[in-house]
Amino acid sequence: QVQLVESGGGLVQPGGSLRLSCAASRIKFNAYTMGWFRQAPGKPRELVATITTGGSPNYADSVKGRFTISRDNAKNTVSLQMNSLKPEDAAVYYCNARITRGTWEYWGQGTQVTVSS
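What comes next concerns the included structure.

Conventions adopted
Residues numbered from 1 in each chain as written. Predicted model: local features only at pLDDT ≥ 70, side-chain atom pairs only at ≥ 80, totals over all residues. Heavy atoms only, no water. Helix = DSSP H or I, 4+ residues; strand = E, 2+ residues; numbered from the N terminus. Rg over C-alpha atoms; globule rule 2.2 N^0.38 Å. Pairing = 2+ DSSP bridges. Axes fitted to C-alpha atoms, helices over the stretch in contact; angles between N-to-C directions.

Some thoughts on the overall build of the chain
Point 1. The secondary structure content of the chain amounts to zero helices and 10 strands.
Point 2. Sequence-ordered secondary structure for the chain, helices as α and strands as β, is β-β-β-β-β-β-β-β-β-β.
Point 3. A globule of 117 residues ought to have a C-alpha radius of gyration of about 13 Å, and the chain, at 13 Å, matches this closely.
Point 4. Overall, the chain is about 40 × 25 × 25 Å in size when its C-alpha atoms are taken along their principal axes.

Put into structure tokens, the structure is as follows:
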């Protein structure tokens, strides 16, 4: 069974930075597109960023220029560097994985990000 474990969440002040990590196991990691989602109370689930098997990133407009997604195929990890954080970035962040042309199906447990002064 594919396992994804997120970490790195916490409490930061507006304008601060946080780096999230997702460790994958029981997966042929380099065959999967990886993504980060977030879910805030009262808001729809949002796909924040993706990174393809070839390393090409894509970002939601709301985070472009502030967030950076990366992957380390040797360590089976995907990271999300979040800079210039805003209160509206607060959410539970989840990583996920899909094969090319597939659907998102492997959810982690999530990590809470709180942005507050």
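From this point, the discussion proceeds with the structure in view.
Quick word on the sheet that holds strand S8 (residues 77-82)
Point 1. Spatially, S1-S3-S8-S7 is the arrangement adopted by the four strands of the open sheet, whose pairing is antiparallel. Each end of this open sheet is capped by a strand with a single partner; those strands are strand S1 (3-7) and strand S7 (67-72). The mean angle between the axes of side-by-side strands here comes to 15°, regardless of whether they run parallel or antiparallel.
Point 2. Here S1 pairs with strand S3 (residues 18-25) via five bridges, running antiparallel.

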